[in-house]
Structures are given as structure tokens and as C-alpha cells.
Amino acid sequence: MSEKIRNFKKMNLITKCSYILVAILFAIIPFTGLVLESLNINVISFNMIFALYLLTIVVSLFAKQWKLVIVATIGSMIIWAITLGVSEVLWYYLKELFGIDISFR
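Residues numbered from 1 in each chain as written. Predicted model: local features only at pLDDT ≥ 70, side-chain atom pairs only at ≥ 80, totals over all residues. Heavy atoms only, no water.

## Points about the environment of Cys17
Basically, it comes down to this: Helix and strand definitions follow DSSP, with helices as H or I runs of at least four residues and strands as E runs of at least two, each counted in order from the N terminus. Under the scheme applied here, a residue whose accessible area is under 20% of the maximum for its type counts as buried, over 50% as exposed, and between as partly exposed, the area being computed with a 1.4 Å probe on protein chains only.
Mapped onto the elements, Cys17 comes out in helix α2 (residues 13–36). Cys17 sits in the partly exposed class, given a relative accessible area of 34%. Sequence-wise, Cys17 and Asp101 are 84 residues apart; in three dimensions their C-alpha atoms are separated by 40 Å.

Structural data, given as C-alpha cells:
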């Protein structure tokens with residue numbers, strides 16, 4: 001773990017920003033889909049997530065991190081699909097077991 005921290009410290013600013021943006025993108029998709037939409041809070045829209053995705057791709061291209069472009073593209077699609085599946089399961093079981101209806105999302 002300390003080796004990865006040392007490698008991160010050796011990177012230039014644009015590369016660090018690209019890695020941080022990918023991490024933010026991967027964290028914000030499930031948080032928005034599972035937490036905010038279940039509570040009917042509309043702070044982050046799909047357009048904002050798409051803009052964050054485009055910013056991540058552009059910064060990764062400037063940093064010449066081609067692998068991050070592929071990871072961000074495929075990873076965000078997979079995380080988005082998993083989030084949609086989990087939210088449907090969450091909706092069904094909350095309604096069946098606890099009587100909580102979150103169908104307004």
C-alpha cells in the first residue's frame with residue numbers, strides 16, 4: 001500500500017487529477033443512484049454525471065493515460081448497470097418486506 005502512495009506522489013498534477021476524477025466518478029454513480037434517488041433528492045442530475053465523465057476523459061487524454069479512458073468508460077457502464085439492478089432489487093424488497101414504497105424515483 002505504501003508503494004502505491006509513493007507512486008501516486010511521484011505523478012504529475014494532471015495525472016493525479018485524472019485518477020482522482022475517475023475515483024469520484026466511480027463513487028458518485030452508485031451514491032446518486034442508490035441513495036439520492038431512493039430518497040427523492042434531485043441534487044445531481046444525469047447531465048452532471050455525464051459532464052463529469054467527459055471531464056474525466058478529457059483530463060485523462062491530456063495526461064496521456066489511455067488506460068484510464070478505457071477504465072472510465074467500461075467501468076462507469078458496469079457500475080451504472082449494477083446500480084440500476086440493485087436499485088430495482090432495493091425497491092422490490094423494501095416494498096415487500098417493510099412496506100416502504102420508493103417508486104417515485
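## Brief notes about the nonpolar core
As a reminder, the rule being used: Within this scheme, the nonpolar core is defined by two criteria: the residues are buried Ala, Val, Leu, Ile, Met, Phe, Trp, Tyr or Cys, and they are joined through side-chain atoms within 4.5 Å. The contact criterion used is simple: two residues touch if any of their non-hydrogen atoms lie within 4.5 Å.
If you look at the biggest cluster of nonpolar residues, it comprises 12 residues: Leu21, Val22, Leu25, Ile29, Ile49, Leu52, Tyr53, Ile57, Val59, Leu68, Val69 and Ala72. For this core, the elements supplying multiple residues, two or more each, are α2, α3 (46–62) and α4 (66–98). A total of 5 residues in this core trace back to one element, the largest contributor, which is α3. Apart from residues no more than four positions distant in its own chain, Val59 is found in contact with Ile14, Cys17, Ser18 and Leu21.

## Quick look at the packing of α2 against α4
In plain terms, the rule: Whenever a helix is involved, its axis is fitted only over the stretch in contact; in every case the axis is a line through C-alpha atoms, and angles between N-to-C directions fall within 0 to 180 degrees. Reported orientations rely on four angle classes, namely roughly parallel under 35 degrees, roughly antiparallel over 145, roughly perpendicular from 65 to 115, and oblique for the rest. By the definition used in this description, the sense in which the near helix is turned from the far one sets the handedness, with an anticlockwise turn below a right angle giving left-handed and a clockwise turn giving right-handed. Classification used: nonpolar for Ala, Val, Leu, Ile, Met, Phe, Trp, Tyr, Cys and Pro, charged for Asp, Glu, Lys and Arg, polar for all others including Gly.
Between α2 and α4, whose axes approach to 8 Å, the crossing angle comes to 15 degrees. With respect to each other, α2 and α4 are oriented roughly parallel. You can see that α2 and α4 cross each other, and the crossing is right-handed. From α2, Ser18, Tyr19, Val22, Leu25, Phe26, Ile29, Pro30, Gly33 and Leu34 reach across to α4, where they touch Leu68, Val71, Ala72, Gly75, Ser76, Ile79, Trp80, Thr83, Val86, Ser87 and Leu90. Tallied by class, residues from the contact of α2 with α4 come to 14 nonpolar, 6 polar and no charged.

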